[in-house]
Amino acid sequence: MSENKIALITGANKGIGYETAAQLAALGMTVVIGARDTQRREEAAKALRVQSVALDVTDPASAQSAAEQVEERFGRLDVLVNNAGITGGSYDPPSKIDLDIVRQVFETNYFGVIAVTNAMLPLLLRSPAPRIVNMSSTVGSLASMTDAESPLAAMPASATYPVSKTALNALTVQYAKEFAKDGILINAACPGYCDTDLTNHAGFRTAAQGAAIAVKLATLGADGPTGEFFDDNGRVAW
Ligand SMILES: NC(=O)c1ccc[n+]([C@@H]2O[C@H](COP(=O)([O-])OP(=O)(O)OC[C@H]3O[C@@H](n4cnc5c(N)ncnc54)[C@H](OP(=O)(O)O)[C@@H]3O)[C@@H](O)[C@H]2O)c1
């Protein structure tokens, strides 16, 4: 039953996060979108007819304040989708990369997930069936990046976005390990290559199609997996 569940999605003013919010709301969940820009957040919340909180995932104080607002409004959280992500916009190889860009990407895609997750954990632990979904990517799969047969083998070498998702995958496993005893099911998801601002609209899947795996992992039953990595076709090799 998805009714009466409270879900927070980070970076949900557009793209896959927006569509994840729409799909969870359609299931009857009470959805709260987190976004850093006030106008974009309010416009999205109005269009989706859902609630919203100010949330910049790179700012732990913002994450804490968002958690306080969720606590005041609902007293608990059932679903957290760590969706906010950036590429950093650089195609420089590791040997040429500007360290500030690496730091910026990790601030959002890795440290931001820790800040938001840790702020929300006390609320998630009050849920009878807590779920966390980390929006990752197969570009972060070590198996894919070392497989000459993989379509991802042709991607240019990078020390930023793919590596941040590798770190996020490892982080997912570590959180799942810590909270298995508490029944929190924590998994990583790959939405596939989607038509969003992040891909400069080059992706061949819609954002709604990309959101489907997040929704599936957000609504896992009690016997569902934890500490694993999925796309629409099933398990993804780490
Ligand atoms: N699109 C794909 O093909 C693809 C493939 C694999 C994985 N993914 C992952 O899926 C997730 C969503 O990507 P998308 O394609 O939907 O990208 P998108 O359209 O660019 O949306 C990204 C969202 O993240 C938000 N965001 C960025 N930095 C933030 C911060 N510091 N605090 C709060 N929100 C922040 C953005 O807000 P602003 O509007 O304020 O910038 C935006 O709402 C990302 O984690 C991405 O890595 C996407």
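Going by the structure above, here's the rest.
This section reports on the structure supplied with the text. (Residues numbered from 1 in each chain as written. Predicted model: local features only at pLDDT ≥ 70, side-chain atom pairs only at ≥ 80, totals over all residues. Heavy atoms only, no water.)

1. A short note on the environment of Ile101
Mapped onto the secondary structure, Ile101 falls in helix H4 (residues 99-124). Distance from Ile101 to Thr87, taken between C-alpha atoms, is 9.3 Å for residues 14 residues apart in sequence. Setting aside chain neighbours within four positions, we find Ile101 in contact with Gly88, Ser90 and Thr160. (Helix = DSSP H or I, 4+ residues; strand = E, 2+ residues; numbered from the N terminus. Contact = heavy atoms within 4.5 Å.)

2. Here's the deal with the pairing of strand S3 (residues 51-54)
As defined by bridge partners, strand S2 (residues 30-35) adjoins S3 across four bridges and the pair is classed as parallel. Counted as the bridge partner of Val32 is Gln51 from S3. (Pairing = 2+ DSSP bridges.)

3. Digging into the nonpolar core
For soluble globular proteins, nonpolar side chains are generally found buried alongside one another. Among the nonpolar cores identified, the biggest contains 29 residues, and Leu24, Val31 and Ile33 are the most heavily contacted of them. If we ignore the near neighbours within four places in the chain, the residues touching Ile33 are Leu8, Ile9, Ala12, Ala21, Arg41, Ala44, Ala45, Leu48, Val50, Gln51, Ser52 and Val53. Ranked by size, the runner-up nonpolar core spans 28 residues in total, among them Val53, Ala63, Val116 and Ile184. (Core = buried A, V, L, I, M, F, W, Y, C linked by side-chain atoms within 4.5 Å. Buried < 20%, exposed > 50% of the residue type's maximum accessible area, 1.4 Å probe, protein only.)

4. Some remarks on the packing of H4 against helix H6 (residues 161-179)
Two numbers describe how H4 lies on H6: the axes approach to 8 Å, and their chain directions differ by 20 degrees. Judged by the inter-axis angle, H4 sits roughly parallel to H6. Crossing geometry of H4 relative to H6 is assigned as right-handed. Counting all contacts with H4, which are made through Val105, Phe106, Asn109, Tyr110, Val113, Ile114, Thr117, Asn118 and Leu121, the residues of H6 involved are Tyr161, Val163, Ser164, Lys165, Ala167, Leu168, Leu171, Tyr175 and Phe179. (Axes fitted to C-alpha atoms, helices over the stretch in contact; angles between N-to-C directions. Parallel < 35°, antiparallel > 145°, perpendicular 65-115°, else oblique. Left-handed = near helix turned anticlockwise from the far one by under 90°.)

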